[in-house]
Amino acid sequence: MSEIQPLSRAMQSRSHDVIVVGARCAGAGLALLLARRGLDVLVVDRKAYGADTLSTHALMRAAVLQLHRWGVLSRVVDAGTPPIRRTRFVYGAETVTVDIKPSDGVEALYAPRRTVLDRILVDAARGAGAAVRFGTTVLDLSRRPDGRVDGVVLRQPDGGIATLSAGLVVGADGMRSTVARLVAAPVTRQAANTTAVLYSYWRGLDQADSEWHFAPGVSAGVIPTNDGETCLFAGMPPARFRATRGPGMAELHRRVIAEAAPAIAARMDRARAPGKLMGFAGLPGFLRRCHGPGWALVGDAGYFKDPITAHGISDALRDAELLADAIADGRPAALADYEATRDRLAGPLFEATDVIAGFGWDFEALKAHHADLSVAMKAEVAELAGRPVLHGAAA
């Protein structure tokens, strides 16, 4: 499969039912579901096929349920993604262990690398009939005389410019979404707090369970992923992150993990050091208006939540299905219903995450916030489990 495919002359002249900007979890997932419904879908992404991206990796139960219902979970398993059957929350000296109980087709949790998960969803979307083009950048949106969005202006891999028309343009292009900027999508809810994160991949930790460690002013995560690697992340207030530069970042990563999870820090000395350290300086979460005349937003483009609760991929897959249902519905009110359902399900998760990201808690308060998250996630799973199974012929 070609990694970058230029638009053909025939493609440039076509009108599509939906053009999706962004081929990550939300965009590829949306394209998969729309193509299975028989819609003509084009997905464009400025990055290369299979490119990595910043991610917390962890799939919560809702996300695993979605992939199972869509018929692609087996591909995640076949890619060698290790099953996670137990997770631990460590509050200083206290450990709370949660066993993952099988239900609704979910036998375990998973934390695939994005180089694995995003490819799986893109390939499934293509198999269902969606066209996907990489190395293609959105420069602008085209509009009808009445202001309704009716297409995109693209720069192709060869530098050429093309304008394509569509009944709906969807921004699935991340928290700094070009589509959201071009339509001036208003922020409807803004978080007060944010976490800065440093993370890297280690070999030799022999980690089977995921762990979430907390200490005053810091957090750390230990997440087994593909190729025998474990993702180690360190979370802190942004001011601490910004006070360090260059080579000092690796020491900051180790120091924060030592503060939050001393036993893990000791094991790092016996493991194989990572090749690259990734960092995220923090960005306050938000909900944006996610629909308008001829356009919609999904994933981080419409709803971004601080990474400290590692629920972003689960949000993206959930909202991809909600939006796919709204587009297939076709009623004028369906997109408004999509936004209302998204906000209803996201609200409790957003609120609890914002408080946790502020690092103003003691352990008893933090456990209460995690209990609130658990209640919200169970409600989310119950709603998703009640929806029709969406396996397709190309699953």
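Summarised in this report is the structure supplied together with it. (Residues numbered from 1 in each chain as written. Predicted model: local features only at pLDDT ≥ 70, side-chain atom pairs only at ≥ 80, totals over all residues. Heavy atoms only, no water.)

## Examining unusual backbone geometry
Although it is not a glycine, His 57 sits at a positive phi angle of roughly 70°. Residue class for His 57 comes out buried when judged on its relative accessible area of 0%. One non-glycine residue with positive phi stands out, namely Ala 310, at about 50°. Within the secondary structure layout, Ala 310 lies in the loop between strand 18 (303-304) and helix 10 (312-329). Judged by relative accessible area, which is 1%, Ala 310 ranks as buried. (Buried < 20%, exposed > 50% of the residue type's maximum accessible area, 1.4 Å probe, protein only. Helix = DSSP H or I, 4+ residues; strand = E, 2+ residues; numbered from the N terminus.)

## With respect to the pattern of salt bridges
For the structure shown, the criterion picks out 28 salt bridges. Put simply, Asp 209 and Arg 88 hold a salt bridge, and the shortest N to O gap is 2.9 Å. With Asp 209 in the loop between strand 10 (196-203) and strand 11 (210-215) and Arg 88 in strand 3 (residues 86-91), this residue pair connects regions lying 121 residues apart in the sequence. What makes Asp 209 buried here is its relative accessible area of 10%. For Arg 88, a relative accessible area of 22% gives the class partly exposed. One salt bridge in this structure joins Asp 269 and Arg 254, with 3.1 Å as the shortest N-O distance. Residue Asp 269 is located in the loop between helix 9 (262-268) and strand 14 (278-280), and its partner Arg 254 is located in helix 8 (residues 248-260); the two are separated by 15 residues in the primary sequence. Asp 269 gets classed as exposed once you look at its relative accessible area, which sits at 59%. (Salt bridge = Lys/Arg side-chain N within 4 Å of Asp/Glu carboxyl O.)

## Observations concerning helix 8
An α-helix turns once per 3.6 residues; consequently, residues spaced three or four apart project the same way. Along its 13 residues, helix 8 runs 18 Å from first to last C-alpha, staying within 8% of the 18 Å computed at 1.5 Å per residue. Among the residues of helix 8, Met 249, Leu 252, His 253, Val 256, Ile 257 and Ala 260 are the ones counted as buried. Projected down its long axis, helix 8 carries its buried residues within an arc of 130°, all on one side. Tucked into the core, helix 8 has its buried residues touching strand 10, strand 11, strand 12 (218-224), strand 13 (229-236), helix 7 (238-242) and helix 9. (Expected span 1.5 Å × (residues − 1). Arc of directions from axis to C-beta. Contact = heavy atoms within 4.5 Å.)

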